[in-house]
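A structural walkthrough
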Amino acid sequence: MTRRLAEVAKKVGVSEATVSRVLNGRPGVSEATRRSVLAALDVLGYERPTQLRGDRARLVGLILPELQNPIFPAFAEVLAGGIVHRGLTPVLCTSSAGGMSEPAYVEMLLEKQVSGVVFFGGASSEADATHDHFVQLENRGIPVVLLNAAVKELRFPTVSTDDSAAVELAFAHLRSLGHERIGLVLGPPDHVPSRRKSEAFGKLVAGAGLQCADLVEHTMFTVEGGQLAASLLIERKATAAIFASDILALGGVKAVRRAGLSVPGDFSVVGFDDSFLMNCTDPPLSTVRQPIEAMGRAALTLLLNQIDGGMTMDRELLFEPELVVRSSTGAVPRS
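Residues numbered from 1 in each chain as written. Predicted model: local features only at pLDDT ≥ 70, side-chain atom pairs only at ≥ 80, totals over all residues. Heavy atoms only, no water.

Quick notes on the overall build of the protein chain
Counting its secondary structure elements, the protein chain contains eleven helices and twelve strands. Principal-axis analysis of the C-alpha atoms gives the protein chain an extent of 80 × 35 × 30 Å. The buried share among the 335 residues of the protein chain stands at 51%. Taking as baseline every contact in the protein chain between residues at least 6 positions apart, the subset at least 24 positions apart corresponds to 70%. When the accessible surface of the protein chain is totalled, it reaches about 15,300 Å², and 52% of it is carbon and sulfur. Charged side chains of the protein chain number 33 positive and 37 negative; the gap between the two group centres comes to 5 Å. (Helix = DSSP H or I, 4+ residues; strand = E, 2+ residues; numbered from the N terminus. Buried < 20%, exposed > 50% of the residue type's maximum accessible area, 1.4 Å probe, protein only. Contact = heavy atoms within 4.5 Å. Areas by Shrake-Rupley, 256 points an atom, 1.4 Å probe, with all protein chains shown as cover. Lys, Arg positive; Asp, Glu negative; His and termini not counted. Charge placed at Lys NZ, Arg CZ, Asp CG, Glu CD.)

Structure below.
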């Protein structure tokens with residue numbers, strides 16, 4: 001008990017006597033301090049006293065599919081700042097390969113009596129993935145928000161970038177440069193944002209009367225996946241490609257150079273996200289920017305509304321992306 005009091009006191013920045021008053025339900029402690037002490041108990045893995053277990057912990061789970069793509073930490077940073085400002089404690093959960101899975105994280109968070117969960121892609125963006133852990137959250141009445149992870153069967157508030165608009169911006173840019181053999185590199189076939197991009201691309205290609213049906217590739221969201229997909233597009237005489245993430249696009253640049261060609265002299269590359277540092281790549285990457293700040297604030301509002309028992313919604317909020325033209329796109333190469 002003494003060790004627990006000392007660790008919690010140090011975590012919160014209060015005296016052990018204050019922690020003891022909170023744990024024993026005694027007066028003389030502000031509500032903000034009480035919440036901070038309970039949150040520290042949860043974070044440190046200590047079990048709450050029996051009389052305090054009825055309170056939902058002041059924890060919010062942020063479940064990310066990976067950390068290698070800078071877009072996910074960027075979104076998490078926006079959410080975490082707002083969560084802390086409201087007296088809650090963000091818990092970062094990365095469901096990468098070889099680590100804990102989304103369902104395992106959900107089980108852990110439920111044991112901690114979490115106040116809410118935000119999912120950044122992951123299984124919620126995969127139509128064919130198991131969604132049992134989402135049903136579990138819904139049955140327990142846990143506030144949930146999905147970010148770029150819309151699946152019709154999941155009736156949670158969702159915040160997404162308009163994938164159709166993103167493809168339209170990139171496609172129009174490449175067409176203005178004279179490109180006709182335009183490729184599209186996407187994530188797995190059941191990845192919902194990729195499906196939306198694919199549908200939009202198909203309509204644009206048909207409307208322009210272009211022959212690009214053989215220039216759509218699905219791959220893993222990695223540099224290596226982008227490199228493989230781009231190498232196939234180069235073999236099929238594509239002169240440009242739209243990539244579903246900046247990470248994929250960087251793989252595309254690598255493939256072009258491996259083929260002895262140049263970007264954008266021989267092949268133009270457009271990414272998606274505008275993660276930080278994309279202005280520092282060689283060449284600086286033309287990309288479609290997601291409005292990270294606006295989307296993060298919207299997701300935070302939807303989550304806090306649920307936690308506070310206010311107005312909520314089971315619809316999807318779509319945010320307009322922005323084309324950022326840099327040096328990875330240029331005029332179609334002359335025959």
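Some points on helix α11 (residues 292-307)
In a regular helix each residue adds 1.5 Å, so 16 residues correspond to 22 Å; α11 covers 22 Å between its end C-alpha atoms and thus fits that length. Ile292, Met295, Gly296, Ala298, Ala299, Leu300, Leu302, Leu303, Leu304 and Gln306 are the residues of α11 that are buried. Buried residues along α11 sit against β1 (59-64), α4 (71-85), β3 (116-120), β4 (144-147), β5 (158-161) and β11 (316-319). Positive phi shows up at Gly309, right after α11, with a value of about 75°. (Expected span 1.5 Å × (residues − 1).)

Structural notes on the packing of helix α2 (residues 16-23) against helix α3 (residues 31-44)
Running from N to C, α2 and α3 point in directions that differ by 90°, and their axes come no closer than 10 Å. With respect to each other, α2 and α3 are oriented roughly perpendicular. Listed contacts from α3 to Thr18, Val19, Val22 and Leu23 of α2 are Thr33, Arg34, Val37, Leu38 and Leu41. Looking at the contact of α2 with α3, its residues break down into six nonpolar, two polar and one charged. (Axes fitted to C-alpha atoms, helices over the stretch in contact; angles between N-to-C directions. Parallel < 35°, antiparallel > 145°, perpendicular 65-115°, else oblique. Nonpolar A, V, L, I, M, F, W, Y, C, P; charged D, E, K, R; others polar.)

Regarding the environment of Lys237
Position of Lys237 among the secondary structure elements: in the loop between α9 (223-235) and β8 (240-243). Lys237 sits in the exposed class, given a relative accessible area of 63%. Spatially, the C-alpha atoms of Lys237 and Arg334 are 13 Å apart, while their sequence positions differ by 97 residues.

Some details on the sheet that holds strand β12 (residues 322-324)
The strand order across the open sheet built from six strands is β7-β6-β8-β9-β10-β12, with neighbouring strands paired in mixed fashion. Among the strands making up the open sheet, the edge pair consists of β7 (216-218) and β12. Between one strand and the next, the sheet's axes are offset by a mean angle of 20°, whatever the strand orientation. With three bridges connecting them, strand β10 (residues 286-289) and β12 associate as antiparallel partners. Bridge assignment links Thr287 to a residue of β12, and that residue is Val324. (Pairing = 2+ DSSP bridges.)

Observations concerning the pattern of salt bridges
For the coordinates displayed, the defined rule picks out twelve salt bridges. Between Arg326 and Asp274 there is a salt bridge, and its shortest N-O distance comes to 3.0 Å. Of this pair, Arg326 sits in the segment after β12 while Asp274 sits in the loop between β9 (268-273) and β10; the two residues are 52 residues apart in sequence, bridging distant segments of the chain. Each of the two residues, Arg326 as well as Asp274, counts as buried. (Salt bridge = Lys/Arg side-chain N within 4 Å of Asp/Glu carboxyl O.)

Focus: unusual backbone geometry
A cis geometry characterises the amide bond from Val263 onward to Pro264, with omega recorded as 5°. Among the secondary structure elements, Pro264 is positioned in the loop between α10 (246-258) and β9. Residue Pro283 is bonded to the preceding Asp282 through a cis peptide linkage, with omega at -5°. Note that Pro283 resides in the loop between β9 and β10. Of note, Asn148 is a non-glycine position whose phi angle comes to about 55°, a positive value. Tracing the sequence through the fold places Asn148 in the loop between β4 and β5. You can call Asn148 buried: its relative accessible area is 18%.

Notes on empty space enclosed by the protein
Scanning the entire structure with this criterion turns up two cavities of 30 Å³ or more. Taken as a whole, the largest cavity holds about 40 Å³ of empty space. Along its surface, the largest cavity is lined by Ala166, Val167, Ala170, Lys197, Ile242, Phe243, Ala244, Gly271, Phe272 and Val288. Listing elements by their share of the lining of the largest cavity, those giving two or more residues are α7 (163-176), β8 and β9. (1 Å grid on protein atoms, 1.4 Å probe; cavity = no way out; pocket = protein on both sides within 12 Å on 5 of 7 lines; lining within 4 Å. Points joined across faces, edges and corners; volume = space filled by probe spheres on them.)

Looking at the layout of surface pockets
A water-sized probe rolled over the atoms picks out the places where empty space is left. One number sums up the size of the second largest pocket: a volume of about 400 Å³. For the lining of the second largest pocket, the leading source of residues is helix α8 (residues 192-208), giving four residues. Considering only residue class, the lining of the second largest pocket consists of six nonpolar, one polar and nine charged.

Digging into the packing of aromatic side chains
Taken as a whole and assessed by the stated rule, the structure comprises three aromatic pairs. Between Phe119 and Phe134, the ring centres sit 4.6 Å apart and the planes meet at 55°, which makes this aromatic pair tilted. Taken as a pair, Phe119 in strand β3 and Phe134 in helix α6 (residues 132-139) lie far apart in primary sequence, 15 residues in all. Each member of the pair Phe119 and Phe134 is classed as buried. (Phe/Tyr/Trp six-rings, centres within 6.5 Å; stacked < 30°, edge-to-face > 60°.)

Coordinates in, geometry out; function isn't part of it.
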